[in-house]
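Each chain is listed here by its residues.
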Amino acid sequence: MKNILYILFLLSTLVACDLSDNEVSKPISFHKIYDTRGFGDAFTTLDIQETSDEGFIILASKQLETSDFSGAVVLKVDKDGEYVSIQEIEAPYVHPVGKLLKIENQFHFVVMNETTLSSHLVSVNESLSEITTTSLSLNARPLSANLDIAGDIIVLGYNSVDQVSTFSKHNAAGNLLQIQTYDIGAGDEVEVPIIEHFTSTGRKLPFFCGQAPDGFYYFNGYINYTLSLVFDNFTGDPIGIIQGSQDKKAISAANPQSILLLSLSRFDEGVNFFTPQHIPSIPGTPIGADIPGFEIKELVPDAKVVIKTIVSEQGPRDLYLSTTKSGQLVLMGYDVSTNQQTGIKYLGFSNPYAAGGFTTTTDGGLAICGSTFQAGRFARICMFKISAEEVQKLF
């Protein structure tokens, strides 16, 4: 009997130790869906950034019952993906545009004043306890925003009065530093798709902007009646243009290493193509968007694509994030030097998912945000965290 009791004591001790270890150990990979108090709330997830405590802030838009535009929402989660807090940006500020911009421990994004149709900068701290809104002194509706190499904020906009695309640079305080305008052409052929983009009554068009490591600025916006990728260092005289065909054929994402080496995706009447390494004839006359590439048949038509370059032990790799026809998120890795695919990973199951954005994490993994549709119709914010080991399999 004493032996039996001793064995039972040992087993109970081992079980207790195992439970204690499990309580301390946290998964380095996880999948989270964030519900809200509003039963009918519908979100479109835009971007994600890591905070100094290894948690995350997610930027999303939210359908509003009182407006033709979407509201802005920021969500804070901890390093394990657990909900911390959520803040909605109050009226009249609507239509948030990605990216979520990180400057030191502050996070910024650009919104539109619903009344004046002008652009404003929203700044939040890591805990979302402090939120400020600053005018960008820009009489244009925002289409996209990004940071340049120096840490200034660049904004692509649309001035409906003058029918021009605006490309501007601002400091973190919102002060206007530089601006150029580009005629988009008169007529409904151009205006209607842009307005439908703002009101979410039509297609979401792939507006974006940035600065390449070699210093050249670029934006994907309307110029001369068509959606085009434009390179211009605020001179008003583009260095190069990759022209689309109105909004039916155009570049959908770009990650330039230089003006002469681009990682691209494009769409052509709904069909998607990836080109991990493209050497354009720039500078020179405008060229068309019929760029050779891999046809990615599994993606939804005119898919949203996010491209980032990750430096790995094997060398630089391009990661492409997008959405499949089966309702999953997909990450595809490409070798920048050989133009060949190195890995692929699918995320999401049961519910349909749509891609938002992704960022690298302190532990070498990736944090991916998106939207998922519960019961097929309730759009919620979701997040995936994958480990450094899983990322390496993409390379």
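Structure: see above.
A brief look at the structure comes next. Predicted model, so just to flag it, every value in this text is computed and none were measured.

1. Side note on the overall build of the protein chain
The number of helices and strands found in the protein chain is three helices and 29 strands. Out of the 395 residues belonging to the protein chain, those deemed buried represent 52%. Partitioning the intrachain contacts of the protein chain with sequence separation of at least 6 by distance along the chain shows that 47% fall at a separation of at least 24. As displayed, the protein chain offers around 17,600 Å² of accessible surface, 52% of which is attributable to carbon and sulfur atoms.

2. What to know about the pattern of salt bridges
Evaluation of the coordinates by the stated rule reveals 11 salt bridges. The partner of Arg380 in a salt bridge is Asp35, and the shortest N-O contact between them spans 2.8 Å. Residue Arg380 is found in strand S29 (residues 378–386), and its partner Asp35 is found in the loop between strand S1 (30–34) and strand S2 (43–50); the two are separated by 345 residues along the sequence. On the basis of relative accessible area, Arg380 is assigned to the buried category, the value being 3%. Between Lys385 and Asp363 there is a salt bridge whose closest N-O contact spans 2.9 Å. Note that Lys385 is positioned in strand S29 and Asp363 in the loop between strand S27 (353–360) and strand S28 (366–374), a separation of 22 residues in sequence.

3. Some details on the pairing of strand S3 (residues 56–63)
When you tally the buried positions in S3, you get seven out of eight residues, the bulk of the element. For S2 and S3, the ladder comprises seven bridges, and the chain directions are antiparallel. Counterpart to Glu50 in the pairing with S3 is Phe56. In textbook terms, the turn of a hairpin is the stretch between consecutive antiparallel strands, and for S2 and S3 this stretch comprises five residues, one of which, Glu54, has a positive phi near 70°. Inspection of the sheet shows S3 paired to strand S4 (residues 70–77) by eight bridges, in the antiparallel sense.

4. Regarding the sheet that holds strand S26 (residues 341–347)
The strand order S23-S24-S25-S26 describes an open sheet built from four strands, whose pairing is antiparallel. The two strands at the open ends of the sheet, each matched to only one other strand, are strand S23 (306–312) and S26. The sheet shows a mean angle of 20° between the axes of neighbouring strands, taken without regard to direction. Bridging between strand S25 (residues 329–335) and S26 involves six bridges; their strand directions are antiparallel.

5. A few points about the pairing of strand S10 (residues 141–147)
Extensive coverage of S10 is indicated by the burial of six of its seven residues. For S10 and strand S11 (residues 153–159), the ladder comprises six bridges, and the chain directions are antiparallel. The partner of Asn146 across the bridge, within S11, is Ile154. Taking the residues between adjacent antiparallel strands as the criterion, S10 and S11 are bridged by five residues, where Gly151 takes a positive phi near 90°.

6. Some words on the packing of aromatic side chains
In the structure shown here, the tally under the stated rule is 13 aromatic pairs. Here the aromatic rings of Phe167 and Phe219 are separated by 5.0 Å at their centres, their planes lie at 45°, and the arrangement is tilted. Here Phe219 lies in strand S15 (residues 217–223) and Phe167 lies in strand S12 (residues 164–170), a separation of 52 residues in the sequence. The burial state of Phe167 is the same as that of Phe219; both residues are buried. Between Tyr182 and Phe219, the aromatic rings sit 5.1 Å apart at their centres with planes inclined by 50°, giving tilted as the arrangement. Of the two residues, Tyr182 is situated in strand S13 (residues 176–183) and Phe219 in strand S15; the sequence distance between them amounts to 37 residues. Accessibility assignment for this pair places Tyr182 and Phe219 in one class, buried. Connected via pairs of aromatic rings, a cluster forms that spans Phe167, Tyr182, Tyr217, Phe219 and Phe234.

7. Quick word on the side chain of Ser123
Counting through the fold element by element, Ser123 comes out in strand S8 (residues 119–125). Classification of Ser123 as buried rests on a relative accessible area of 8%. Of the polar contacts made by the side chain of Ser123, one reaches the side chain of His108; its length is 2.7 Å. Leaving out residues up to four positions away in the same chain, Ser123 has contacts with Gln106, Phe107, His108, Glu130, Ile131 and Thr132.

8. Some words on the side chain of Ser252
Examined against the element boundaries, Ser252 turns out to sit in strand S18 (residues 249–254). Taking relative accessible area as the criterion, Ser252 reaches 5% and is therefore assigned buried. Separated by 2.6 Å, the side chains of Ser252 and Ser265 make a polar contact. Reaching out from Ser252, the side chain makes a polar contact with the backbone nitrogen of Arg266 at a distance of 3.4 Å. Non-local contacts of Ser252, meaning those with residues more than four positions away in its chain, are made with Pro206, Phe208, Ser265, Arg266, Phe267, Ala303 and Val305.

9. A closer look at the sheet that holds strand S7 (residues 106–113)
Pairing within the open sheet is antiparallel, and its four strands lie in the order S6-S7-S8-S9. Among the strands making up the open sheet, the edge pair consists of strand S6 (93–103) and strand S9 (131–138). For this sheet, the mean angle separating the axes of adjacent strands, direction not counted, is 25°.

10. Quick notes on the environment of Ser70
Within the secondary structure, Ser70 sits in strand S4. With 28 residues separating them along the chain, Ser70 and Ala42 place their C-alpha atoms 9.8 Å apart. In this view, Ser70 contacts Ser61, Lys62, Leu64, Val94, His95, Pro96 and Ser200; residues no more than four positions away in its chain are not counted.

11. Some details on the nonpolar core
If you look at the biggest cluster of nonpolar residues, it comprises 26 residues, and the most contacted ones within it are Phe167, Ile194, Phe198, Phe207, Phe219 and Tyr222. Of all the elements in the fold, those that place two or more residues in this core are S11, helix H2 (188–199), S15 and strand S16 (226–231). Of all hydrophobic cores here, the second largest spans 18 residues; its members include Leu319, Leu329, Leu347 and Leu366.

Rules used in this analysis
Residues numbered from 1 in each chain as written. Predicted model: local features only at pLDDT ≥ 70, side-chain atom pairs only at ≥ 80, totals over all residues. Heavy atoms only, no water. Helix = DSSP H or I, 4+ residues; strand = E, 2+ residues; numbered from the N terminus. Buried < 20%, exposed > 50% of the residue type's maximum accessible area, 1.4 Å probe, protein only. Contact = heavy atoms within 4.5 Å. Areas by Shrake-Rupley, 256 points an atom, 1.4 Å probe, with all protein chains shown as cover. Salt bridge = Lys/Arg side-chain N within 4 Å of Asp/Glu carboxyl O. Pairing = 2+ DSSP bridges. Axes fitted to C-alpha atoms, helices over the stretch in contact; angles between N-to-C directions. Phe/Tyr/Trp six-rings, centres within 6.5 Å; stacked < 30°, edge-to-face > 60°. Polar contact = N/O pair within 3.5 Å; in protein donor to acceptor, adjacent residues only side chain to side chain. Core = buried A, V, L, I, M, F, W, Y, C linked by side-chain atoms within 4.5 Å.

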